[in-house]
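# Observations on chain architecture
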Amino acid sequence: MGFWQPRRAGILALAAVIAVLPAVLPNAFYYDVVILVGINAIVCVGLNLLIGYGGQISLGHAGFFGLGAYFSAVLTGTYDWPPLAALATGAVSVGVLSFIVARPILKLKGHYLAMGTLGMGIIISIALNQEVDITGGPDGMPVPAFAIAGWEPSSEQTWYWIVAALLMISVWLALNLIDSPVGRALRSVHGSEVAASVAGVDVTRYKILIFVVSAVMASFAGSLYAHYTGFITPDEASFFHSIEFVTMVVLGGMASTFGSLVGAAILTILPQLLTVLHDFEMLAFGAILMGTMIFMRKGLVPSLVDLAKRARP
Amino acid sequence: MTLLRVEDLHKTFGGVGAIQDLTFSINPGTIHSIIGPNGAGKTTLFNLITGLYEPTRGRIHFNDADITGQPPHVLARHGLSRTFQNLQIFLNMSAMDNVMVGYHLRCDGRFLPSLFRFPSVVRKDAEYRERAAALMAFVGLEDYVAADASAMPYGALKRLEIARALAVQPKMLLLDEPAAGLNPSETLAIDGLIQKVAGRGVTVVLVEHDMRLVWAVSDHILVLDHGRKLAEGTGPEVRSNPDVVAAYLGEGGRDR
Ligand SMILES: Nc1ncnc2c1ncn2[C@@H]1O[C@H](COP(=O)(O)OP(=O)(O)OP(=O)(O)O)[C@@H](O)[C@H]1O
Ligand SMILES: [Mg+2]
C-alpha cells in the first residue's frame, strides 16, 4: 500500500498550502497572482494527462482555453445567459469540437502531431480575431461578473476559495484517473502503442478520450479566467499562450500532477516578479524550456523526487 | 480440431512478398515452432496473425472465427497474445503496472468509474494486483514486484513481456525470439518457462533462432524461407528434410 502514500500526502500538502496562503498573502495583488496560478494549474493538470501520461503533444490548447473564455464572455455578455450555463455550454462545445478533431489529428505522431495541434490553435485564434461582430476582434471584450442565483464573488478572497476548491477537485480527479485502468491504458499508449494494443487497449479510443478531457479542462479554466479578469482578448488563444502552458507542464515535470502545479506557479509568478523582463517574456520562456530539456529532462518535481530517493534509499 | 488456420496468406511490402502462399494450421495444446533464416517472414507472420498488419490476401481463422483484418485489441479479446522480438516494454511504468496492462480487458476501462474511483474499480484493481504478483512469480520475477521497468535488466524484461502477455489470459501465445540476447543458462530457464506455460494449457507458437531450444520444446515445426512454407512436421521429420538441410541448416544453423 506504499503506493497510496505519495498520492494522499500530495493532496494533503496541497490542501495545507491552500489553507495557509491567505494568512501570508499581504494584499489583493498577491491574491490576484495566486488565483491566476490556480487557473493555469487547472489547465496544466489536464494538459499533463495528455502530454505527460498519454505521451501526446498539443501546441494548441490555448485555443480551447480561449474558446471557453469567449463562450462565457459572449453568452453572458451578449445574450445574458447565466454564467454557469454559459460555462457548461462552452465546455460541452469544446468537448464536441475536440472530439471531432481528435480522430484525424491524433493519427499523427511526434512532430506531425505538434504541427497539427499548432495549426488547430492558430485557426481558433484567427477565428476569434476575425469574428469582430461576435468577439470584438483583437481589441477584446468585457465579461460580466460571475453570478450564481444573484450571488457574486466580489472580493479576491472569494475568488481565491473558488479557484482553490476547483483546483483541488481537478487534482483529485486527475490522480484518480492516473491510478486506474484508464490511467494505465494511457501510460501504456505512451510506452508502446503496439504493446498496448496487443494487450487489448484500444489505443485510438484512449488518445481521443484524454484529448477531449484535457480540452474540456482548458475550456473550463478559460471560462473562469474570463469572469475573474472581466476582460479578454484573442491573446488568450494565441500560440504563445499554448507554449506557456506546455512550458509549465514540462518545467514542473511530465507525468507529475503536482509538478504541473509547481510549473504553473513558477511561470505565472516569475513574469510578475520580473516586470523589467516584460519585453523578454517570450525569450525567458524559451530559455526555461531549453534549460529544462538540457539539464533536467524529467522536470522539477520528478527530478527532486529522484534526488530525495537517492538521498535516503 | 484446429485453433489457428492460415489460408493462402500473402503480405507484400512495396511489391516484395514477405509472406507468400502460406497455408498451415496449429492444433491446440501444442508447442509449435516457426523457424527460418533472417528475413524469412517470421515476424511478419506474427504481425499478421496478431492484427498489426493487414494481409494483402488470404484469411486467418482463430478458434472457429474469421479474424482477418481485425485490430490487435480486438484479437486480444479472442485470446491471442504475443511478445516482441525487439522488446516493447512500457518503460514509463512499474513492472507490476506492465503486467496490469495485460489485465486491461478484465479491469473496468470505462471513464467515469475510473475518474470517480468507484469502489468496484479499486477492489478489482487490488484483486488483479495480487494476480499480477503471482504471475510475476510464475515467470521468475518475484524479486521485481516493486521495481520500475526502466530499472530492470534485459533478461528480466524478456520475462516481463511474457508475464504481461500471459495476463491477457490467451488461448494462444506467440513468442518472437524469447531467448534472443540471453546467455545459455538464461536460455535454459526460458526453455523451462515455455514448457510451464504450455503445461497451463496455453498453445505456444515459438519463433526462435536457438535451435537447441527449438528441438527441445517443439511438438511441431514450420519452416519458412523467403515467405513460403519450406517444410512442416515434427522435429525429426523437419531435421531430415533435404530442403531444410540445404536451405537453412546447411547455412550455419547447425552450429548454433
Ligand atoms: N514494415 C515493413 N516494411 C517493409 N518491409 C518489411 C516490413 N516488415 C518486414 N519487412 C520485410 O519483410 C521480410 C521479412 O521480414 P521479417 O522481419 O518478417 O523476417 P524474420 O523472419 O522475422 O527475420 P529475423 O529472423 O531477422 O527476425 C524482410 O525482407 C523485411 O525486410
Ligand atoms: Mg523477426
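Keep in mind that this is a model prediction, so the values were computed, not measured.

### Here we look at the overall build of chain B
Along chain B, the regular secondary structure elements total 10 helices and 10 strands. Compactness check: chain B gives a C-alpha radius of gyration of 19 Å against a globular reference of 18 Å for 256 residues, within 12% of the reference. Within chain B, buried positions represent 55% of all 256 residues. About 10,700 Å² of surface is accessible on chain B, with carbon and sulfur atoms providing 50% of the total.

### What about the coordination of the magnesium ion (ligand 2)?
Tetrahedral coordination by four donors puts the ideal angle at the metal at 109.5 degrees, and octahedral coordination by six puts it at 90 or 180 degrees. The magnesium ion (ligand 2) binds to the protein through Thr-43 of chain B (OG1) and Gln-85 of chain B (OE1), with metal-donor distances spanning 1.9 to 2.1 Å. Of this pair, Thr-43 of chain B sits in helix α1 (residues 42-49) while Gln-85 of chain B sits in the loop between β6 (80-82) and α3 (95-102), and the two are 42 residues apart along the sequence.

### Details of the environment of Glu-130 of chain B
Residue placement: Glu-130 of chain B occurs in helix α5 (residues 119-138). Between the C-alpha atom of Glu-130 of chain B and that of Met-96 of chain B, which follows or precedes it by 34 residues, the distance is 9.8 Å.

### A word on the sheet that holds strand β4 (residues 57-62) of chain B
All names here are of chain B. Taken in spatial order, the 4 strands of this open sheet run β2-β1-β4-β5, and their pairing is antiparallel. The sheet terminates laterally at β2 (16-26) and β5 (65-66), the two strands that pair on one side only. Alignment of β4 against β5, held across 2 bridges, turns out to be antiparallel. Looking at the pairing, His-61 lines up with Asp-66 of β5.

### A closer look at the interface of chain A and chain B
Listed per partner, the contact involves 31 residues of chain A and 33 residues of chain B. Summing the contributions of chain A and of chain B, the shared interface buries around 2,800 Å²; its carbon and sulfur component is 64%. Summed over the three residues of chain A that lose the most area to chain B, namely Pro-181, Arg-184 and Val-198 of chain A, the buried surface amounts to 24% of that side. Our count for the contact surface shared by chain A and chain B stands at 4 salt bridges.

### A short note on the packing of aromatic side chains
As enumerated under the stated definition, the model contains 10 aromatic pairs over all chains in all. Within the aromatic cluster, the residues linked to one another by ring pairs are Tyr-31, Tyr-160 and Trp-161 of chain A. Positioned over the ring face of Phe-90 of chain B is Arg-164 of chain B, at 4.6 Å from the centre of the ring. In this structure, Lys-196 of chain B packs its charged tip against the face of Phe-138 of chain B, placed 4.6 Å from the ring centre.

### A short note on the packing of helix α3 (residues 61-77) of chain A against helix α4 (residues 83-105) of chain A
Residues and elements named next belong to chain A. Axis separation between α3 and α4 bottoms out at 8 Å; the angle between their running directions is 140°. In this structure, α3 crosses over α4, and the sense of that crossing is right-handed. Seen from α3, the contacting residues are Phe-64, Leu-67, Gly-68, Phe-71, Ser-72, Leu-75 and Thr-76; seen from α4, they are Pro-83, Ala-86, Leu-87, Thr-89, Gly-90, Ser-93, Val-94, Leu-97 and Ser-98. Grouping the constituent residues of the contact of α3 with α4 by class yields 9 nonpolar, 7 polar and no charged.

### Considering the sheet that holds strand β9 (residues 220-225) of chain B
Paired through their backbone hydrogen bonds, the strands of a sheet run either parallel or antiparallel. Residue and element names in this part refer to chain B. Within the open sheet, the 6 strands sit side by side as β6-β7-β8-β3-β9-β10. Their pairing is mixed. The outermost strands of the open sheet, each flanked by one partner alone, are β6 and β10 (228-233). For this sheet, the mean angle separating the axes of adjacent strands, direction not counted, is 20°. The pairing of β6 with strand β7 (residues 172-176) spans 3 bridges and is parallel. Counted as the bridge partner of Arg-82 is Leu-174 from β7. On the sheet, α1 packs against β3 (31-35), β6, β7, β8 (203-207) and β9 and is oriented at approximately 150° with respect to β7. Contacts from helix α7 (residues 184-199) reach β3, β7 and β8, with the element oriented near 150° to β8.

### Side note on the side chain of Ser-219 of chain A
Looking at where Ser-219 of chain A falls in the secondary structure, it is placed in helix α10 (residues 203-229). In this view, Ser-219 of chain A contacts Phe-64, Phe-65, Gly-68, Ala-69, Gly-90, Ala-91 and Val-94 of chain A; residues no more than four positions away in its chain are not counted.

### Remarks on the domain arrangement of chain B
Residue and element names in this part refer to chain B. Each assigned domain of chain B is listed here: domain 1 (1-79 + 171-256) and domain 2 (86-169). Look at where the C-alpha atoms of domain 1 and domain 2 centre, and you get two points 26 Å apart. Contacts between domain 1 and domain 2 engage 17 residues on the former and 13 residues on the latter. Each partner contributes to the roughly 1,300 Å² buried at the junction of domain 1 and domain 2, and carbon and sulfur atoms together form 71% of this total. Three residues, Leu-173, Leu-193 and Arg-200, lead the burial of domain 1 against domain 2; their summed loss comes to 33% of the area buried on that side. Applying the counting rule to domain 1 against domain 2 returns 0 salt bridges. Seen at the junction of domain 1 and domain 2, the total is 3 residue pairs in polar contact (both at pLDDT 80 or more). Breaking the side of domain 1 that touches domain 2 down by element, the ones donating at least two residues are α2 (72-78), β7 and α7. Take the side of domain 1 that touches domain 2: its biggest share by element is 6 residues, from α7. When the residues that make up the side of domain 1 that touches domain 2 are grouped by side-chain class, the tally is 10 nonpolar, 1 polar and 6 charged.

### Observations regarding helix α8 (residues 181-191) of chain A
Residue and element names in this part refer to chain A. Across the 11 residues that make up α8, a large majority, 9, are buried. Pro-181, Val-182, Gly-183, Arg-184, Ala-185, Leu-186, Arg-187, Ser-188 and Val-189 are the residues of α8 that are buried. The opening residue of α8 is Ser-180, an N-cap whose side-chain oxygen sits 3.1 Å from the backbone nitrogen of Val-182.

### Observations regarding the packing of helix α11 (residues 239-252) of chain A against helix α12 (residues 257-273) of chain A
Residue and element names in this part refer to chain A. With their axes 7 Å apart at the nearest point, α11 and α12 run at an angle of 125° to one another. Taken together, the axes of α11 and α12 are oblique relative to one another. Once α11 is placed against α12, the crossing between them reads as right-handed. Here Thr-247, Met-248, Val-249, Leu-251 and Gly-252 of α11 lie close against α12, whose contacting residues are Gly-259, Ser-260, Gly-263, Ala-264, Ile-266, Leu-267 and Thr-268. Its residues assigned to classes, the contact of α11 with α12 shows 6 nonpolar, 6 polar and no charged.

So, how was this worked out
Residues numbered from 1 in each chain as written. Chains lettered and ligands numbered in written order. Predicted model: local features only at pLDDT ≥ 70, side-chain atom pairs only at ≥ 80, totals over all residues. Heavy atoms only, no water. Helix = DSSP H or I, 4+ residues; strand = E, 2+ residues; numbered from the N terminus. Rg over C-alpha atoms; globule rule 2.2 N^0.38 Å. Buried < 20%, exposed > 50% of the residue type's maximum accessible area, 1.4 Å probe, protein only. Areas by Shrake-Rupley, 256 points an atom, 1.4 Å probe, with all protein chains shown as cover. Donors = N, O, S within 2.8 Å, 3.2 Å for Na, K, Ca; no water. Pairing = 2+ DSSP bridges. Contact = heavy atoms within 4.5 Å. Buried area = accessible area lost by both parts, 1.4 Å probe. Salt bridge = Lys/Arg side-chain N within 4 Å of Asp/Glu carboxyl O. Phe/Tyr/Trp six-rings, centres within 6.5 Å; stacked < 30°, edge-to-face > 60°. Lys NZ or Arg CZ within 6 Å of the ring centre and 35° of its normal. Axes fitted to C-alpha atoms, helices over the stretch in contact; angles between N-to-C directions. Left-handed = near helix turned anticlockwise from the far one by under 90°. Nonpolar A, V, L, I, M, F, W, Y, C, P; charged D, E, K, R; others polar. Domains from an automatic or database assignment. Polar contact = N/O pair within 3.5 Å; in protein donor to acceptor, adjacent residues only side chain to side chain. Parallel < 35°, antiparallel > 145°, perpendicular 65-115°, else oblique.

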